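# Understanding the architecture of this molecule
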Amino acid sequence: MKGKYSRICAGVLLLTAAGLSLTGCGGGQWETGERLQQAGGEQEAQMPPETDGTGKDGDDLIVVGLSQLGSESDWRIANTESYRSTLTAENGYYLLFENGQQKQENQIKALRNFILQGVDYIVVAPIVETGWDSVLQDARDAGIPVILADRMVSVEDDDLYTCYVGGNFVKESEDAGRWLADYLRQQGREEEEINIVTLQGTLGASAELGRTEGFGNVLKEHPNWHMLEIKSGDFTQAKGQEVMEYFLETYEDIDVVISQNDNMAFGAIDAIRAAGKTCGPDGEIIIISFDAVSAAFDCMLQGTINADFECNPLHGPLVDQIIKDLEAGKSVDKIQYVEETYFDTAMDLEKIKEGRMY
Ligand code: GZL
Ligand code: ZN
């Protein structure tokens, strides 16, 4: 299905701000940083070169409506950048990008807008799993394939979307639980009563649901592990710090923090330091985090995070391949998990960090 490029008003498209990103392990410093410029702050979209709607080889551009959920974390900024650098006119695309600013109603509005404009494909990172049946039904009625990227939806009929590409969140956090069991064994603490708190992501998001479920599966195998409380920090550094401050005021003895993303872990480190406590391999509190973004590598290198479970944000090339396969009339797998691993302070993190793209 070729792009209906002419249907798209050629007006200037403003990419919404990629938002500020807090980085630095516990430095708490606000930093726009070069990443913001790269990820496309308030600026005119990269309008495709003067064109009659055709890409480099003279074909129509494939028009993609991308509803990104927000700019809440370093992970999300890298995820957006991956799309922007892949879904380009040179690569045969006209990208309509909408940032939902972490509000589902904004994403639903964006999808309805894409349907009205007659895009060829919708790509969406749904902020939460529920509430999508009606708009996905409208997309199907309009004959527009929907690719779920990064997060899943819970709908009556899974024919409402073509496929899902993203992390396997249950596996990520089962792996984290097993890592903790090994680590405590190595420390001679396998019989100790271990008190754990969890900084939960956005409630109802696939990443939150999966990471909560997965760690819970391992928790059940360890009667001496006690989950004191699980509380949402909404995947942001500010809220992560707030919740960790509450945990430290409420619980005398915290041995482990499970942070469902790195930005909340950065906030937790600030709160732990402010409370006069220590964390990391040489500290009182073990911190296990998710995402493994570049700034979290700095934390592991500086000894404030013990281990980090990767969630690969580079979805651009995967979505590109899925669309090209669909354009060629090929079928695509319904669920496509990205390659993910983990890192801890026993590894040569300097070397590993050099080779990473985010
Ligand atoms: C995971 C993604 C999560 C990241 C957070 O795939 O959905 O959302 O772990 C981000 O950093 O906010
Ligand atoms: Zn203890």
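As shown above, the structure is provided for reference.
Attention in this report is confined to the structure presented alongside it. (Residues numbered from 1 in each chain as written. Chains lettered and ligands numbered in written order. Predicted model: local features only at pLDDT ≥ 70, side-chain atom pairs only at ≥ 80, totals over all residues. Heavy atoms only, no water.)

## Things to note about the coordination of the zinc ion (ligand 2)
Think of it this way: four donors in a tetrahedron around the metal ideally sit 109.5 degrees apart, and six in an octahedron ideally sit 90 or 180 degrees apart. For clarity, the cut-off: For Na, K and Ca the donor cut-off is 3.2 Å, while for other metals it is 2.8 Å, and in both cases only N, O and S atoms qualify; water is not among them, so sites may look incomplete. Every geometry call rests on angle ranges, with four donors termed tetrahedral when all angles are between 85 and 135 degrees, four termed square planar and six termed octahedral when opposite donors are over 155 degrees apart and all others are between 65 and 115, and everything else termed irregular. Using a 1.4 Å probe on the protein chains alone, a residue whose accessible area is under 20% of its type maximum counts as buried, one over 50% counts as exposed, and one in between counts as partly exposed.
For the zinc ion (ligand 2), the protein coordination sphere consists of Asp253 (OD), Asp253 (OD), Asp255 (OD) and Asp255 (OD), at 2.2 to 2.8 Å. Around the zinc ion (ligand 2), the four donor atoms sit at angles spanning 50 to 126°, and that spread fits a shape best called irregular. Taking relative accessible area as the criterion, aspartate 253 reaches 39% and is therefore assigned partly exposed.

## Remarks on the packing of helix H8 (residues 262-274) against helix H9 (residues 294-302)
What describes two packed helices is the angle between their axes and the distance between those same axes. The following threshold applies: Fitting a line to C-alpha atoms yields each axis, with helices limited to the stretch in contact; the angle taken between N-to-C directions then spans 0 to 180 degrees. Segments assigned H or I by DSSP are reported as helices when at least four residues long, segments assigned E as strands when at least two residues long, and all are numbered from the N terminus. Any angle that is under 35 degrees is reported as roughly parallel, and any over 145 degrees as roughly antiparallel; angles of 65 to 115 degrees are reported as roughly perpendicular and all others as oblique. Handedness of each helix crossing follows the sense of rotation of the near helix against the far helix: counterclockwise by less than a right angle gives left-handed, clockwise gives right-handed. By definition in these notes, contact holds between two residues if any of their heavy atoms fall within 4.5 Å. Three classes are used: nonpolar for Ala, Val, Leu, Ile, Met, Phe, Trp, Tyr, Cys and Pro, charged for Asp, Glu, Lys and Arg, and polar for all others, with Gly counted as polar.
Interaxial distance between H8 and H9 falls to 9 Å at its minimum, and their mutual angle equals 40°. Classed by the angle they form, the pair H8 and H9 counts as oblique. For the element pair H8 and H9, the recorded crossing hand is left-handed. In this structure, H8 uses Asp262, Phe266 and Ile269 to contact H9, whose residues at the interface are Ala295, Ala296 and Cys299. When grouped by side-chain class, the residues that make up the contact of H8 with H9 number five nonpolar, no polar and one charged.

## Brief notes about the packing of aromatic side chains
Counted only if it meets this: Classification of ring pairs uses Phe, Tyr and Trp, with its six-membered ring standing for Trp, and accepts pairs whose centres are within 6.5 Å; under 30 degrees between planes counts as stacked, over 60 as edge-to-face, and the remaining range as tilted. As a reminder, the over-ring test applies to NZ of lysine and CZ of arginine, requiring each to be within 6 Å of the ring centre and within 35 degrees of the ring normal.
This model, assessed by the stated rule, comprises eight aromatic pairs. Measuring from centroid to centroid gives 6.0 Å for phenylalanine 215 and tryptophan 225, while their planes differ by 15°, and the two rings are stacked. Here the residue phenylalanine 215 occupies a position in helix H6 (residues 206-219), and tryptophan 225 occupies one in strand S11 (residues 225-232), the gap between them amounting to 10 residues. Neither phenylalanine 215 nor tryptophan 225 differs from the other in exposure class; each is buried. Taking 6.3 Å as the distance between ring centres and 45° as the angle between the ring planes, the aromatic pair formed by phenylalanine 247 and tyrosine 251 counts as tilted. Here phenylalanine 247 matches tyrosine 251 in class, with each residue buried. Aromatic ring contacts, followed pair by pair, group Tyr246, Phe247 and Tyr251 into a single cluster. A cation over a ring is seen here: lysine 231 above tyrosine 246, with NZ or CZ 5.3 Å from the ring centre. Over the face of the ring belonging to tyrosine 358 we find arginine 356, whose NZ or CZ atom lies 4.7 Å from the ring centre.

## Let's talk about H8
The condition is simple: In this scheme, a helix's expected span is set at 1.5 Å multiplied by one less than its residue total.
In a regular helix each residue adds 1.5 Å, so 13 residues correspond to 18 Å; H8 covers 18 Å between its end C-alpha atoms and thus fits that length. Taken as a whole, H8 has its buried residues at Asp262, Asn263, Met264, Ala265, Phe266, Gly267, Ala268, Ile269, Asp270, Ala271 and Ile272. Positive phi shows up at glycine 276, right after H8, with a value of about 75°.

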